[in-house]
Amino acid sequence: MNAQHADTPQATEASGAPDTGRIVLLTTSHRVAPGVLSWPAWQTLHAADEVLCPDPDHPQLPYVQETGVPVRTAAPTAQDLVDACAGGRTVVVIATGEGDRPLTDGLARLAGSGRVAMPDLELLPGSYDLPGARLLDLVEVMDRIRRECPWSSQQTHRGLAKYAIEEAYELVEAIEDGDRDELREELGDVLLQVVFHARIAEEAEEEPFSLDDVAGGLVEKLIHRHPHVFGDEAAETPEEVKEHWLRTKAAEKRRASVTDGIPLGQPGLALAAKLASRVRHAGLEVDIPSGEGIGYALLTMAVLAEADGVDPEAALRAAARAYRDAILAAEGHGDR
């Protein structure tokens, strides 16, 4: 066998086989600022024999042209591209969106027919999404729904409040069930509540804010409360981290009482455990109120559970689920 590689120009000429050239589908992400392309993408664009762009309004088009790359705005068919590559030419297509399905399907059909000598086909990502980039899509979709949906456009913070509670409980249930698909979906539903409320807040006449403001405030808070990660403090154990967090949080809030900021509308066991946690971390000596009835007994149990590192709300919920299973068994339903 000849040592010369089979696809070199010399080998092609010697064999008499035509050089079918190369098609490059250059994909870009709309979530990346226009003009930001990878170095291989710029190299390929400048070295190409022809560059085509089916969309005259493609956000990357003016930036590519400004670098001196001539671009012809045309929507080629698969056969057009094959013909344009004749003689070993390289043709780059700046694909719309993240790809061009009709064009790639057409090329696949031509290749499958066996009647056409196909050029080499390369899919070249010109820009990449960073982690979290799909959140930009979520913001865009939510903005359109808020403007165009008859129901969503009329919603208020107060009217949506109950859904935040419902979705949080459904998320907890998915976590306890260990269902990964359900967990992913419920996390999305909780995220929807955040994005929806932030979108509504943009329209406020007084003190409006956006999702960027929400995220920016959260970033600042996380950095400030993690000095062992972003600062000079040290924390080697989860307990030390929690102490850092509570100390920093207390300084930020400047609470007059350890009970400040505890929502009294939360479930009773969770409320009791939260109060007990605040008392314990503040080093206070507070006697549990004595009284008759199951409420005081439950309060005592919740305080003792919190001291032992047990979430009484989760513990009771687990017991209730076991009780539910026993009921189903007694009814003859078996596992459900």
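What counts, and at which threshold
Residues numbered from 1 in each chain as written. Predicted model: local features only at pLDDT ≥ 70, side-chain atom pairs only at ≥ 80, totals over all residues. Heavy atoms only, no water. Salt bridge = Lys/Arg side-chain N within 4 Å of Asp/Glu carboxyl O. Helix = DSSP H or I, 4+ residues; strand = E, 2+ residues; numbered from the N terminus. Buried < 20%, exposed > 50% of the residue type's maximum accessible area, 1.4 Å probe, protein only. Axes fitted to C-alpha atoms, helices over the stretch in contact; angles between N-to-C directions. Parallel < 35°, antiparallel > 145°, perpendicular 65-115°, else oblique. Left-handed = near helix turned anticlockwise from the far one by under 90°. Contact = heavy atoms within 4.5 Å. Nonpolar A, V, L, I, M, F, W, Y, C, P; charged D, E, K, R; others polar. Core = buried A, V, L, I, M, F, W, Y, C linked by side-chain atoms within 4.5 Å.

**Section: the pattern of salt bridges**
Turning to step 1, where the next piece is worked out: Under the definition given, this model contains 19 salt bridges.
Turning to step 2, where the next piece is worked out: Between Arg89 and Glu50 there is a salt bridge, with its nearest N and O atoms 3.7 Å apart. Of this pair, Arg89 sits in the loop between α4 (78-84) and β4 (90-94) while Glu50 sits in strand β2 (residues 50-53), and the two are 39 residues apart along the sequence.
Turning to step 3, where the next piece is worked out: Classification of Glu50 as buried rests on a relative accessible area of 17%.
Turning to step 4, where the next piece is worked out: Among the salt bridges present, the one from Asp137 reaches Arg134, with a minimum N-O distance of 2.7 Å. Taken together, the positions of Asp137 and Arg134, both in helix α6 (residues 134-148) and three residues apart, correspond to about one turn of that helix.
Turning to step 5, where the next piece is worked out: The class for Asp137 is buried, based on a relative accessible area of 13%.
Turning to step 6, where the next piece is worked out: For Arg134, a relative accessible area of 57% translates into the label exposed.
Turning to step 7, where the next piece is worked out: Linked by salt bridges that have partners in common, Asp143, Arg144, Arg146, Arg147, Glu148, Arg199 and Glu203 make up one network.

**Things to note about the environment of Glu331**
Turning to step 1, where the next piece is worked out: Within the fold, Glu331 resides in the segment after α14 (312-330).
Turning to step 2, where the next piece is worked out: When its relative accessible area of 51% is taken as the criterion, Glu331 is described as exposed.
Turning to step 3, where the next piece is worked out: In this structure, the C-alpha to C-alpha distance between Glu331 and Ala133, residues 198 residues apart in sequence, is 49 Å.

**A closer look at the packing of helix α12 (residues 268-282) against helix α13 (residues 294-307)**
Turning to step 1, where the next piece is worked out: Orientation of α12 relative to α13, taken along the N-to-C sense of each, is 50 degrees, at an axis distance of 8 Å. With respect to each other, α12 and α13 are oriented oblique. Every pair of crossing elements has a handedness; the one defined by α12 and α13 is right-handed. Residues Leu269, Ala272, Ala273, Ala276, Ser277 and Arg280 of α12 lie in contact with α13, whose contacting residues are Leu298, Leu299, Ala302, Val303, Glu306 and Ala307.
Turning to step 2, where the next piece is worked out: Partitioned by chemical class, the residues of the contact of α12 with α13 number nine nonpolar, one polar and two charged.

**Quick notes on the side chain of Gln193**
Turning to step 1, where the next piece is worked out: For Gln193, the location among the structural elements is in helix α8 (residues 180-201).
Turning to step 2, where the next piece is worked out: Contacts of Gln193, omitting those with residues within four sequence positions, involve Leu160, Tyr163, Ala164 and Glu167.

**What to know about the nonpolar core**
Turning to step 1, where the next piece is worked out: Membership of the largest hydrophobic core comes to 16 residues, with the highest contact counts inside it found for Leu26, Leu45, Val51, Val64, Val71, Val92 and Ile94.
Turning to step 2, where the next piece is worked out: Broken down by secondary-structure element, the contributors of at least two residues to this core are β1 (22-27), α2 (39-47), β2, α3 (61-66) and β4.
Turning to step 3, where the next piece is worked out: Ranked by residues supplied to this core, first place goes to α2 with three residues.
Turning to step 4, where the next piece is worked out: Membership of the second largest hydrophobic core comes to 13 residues, among which are Val82, Ala84, Cys85 and Leu103.

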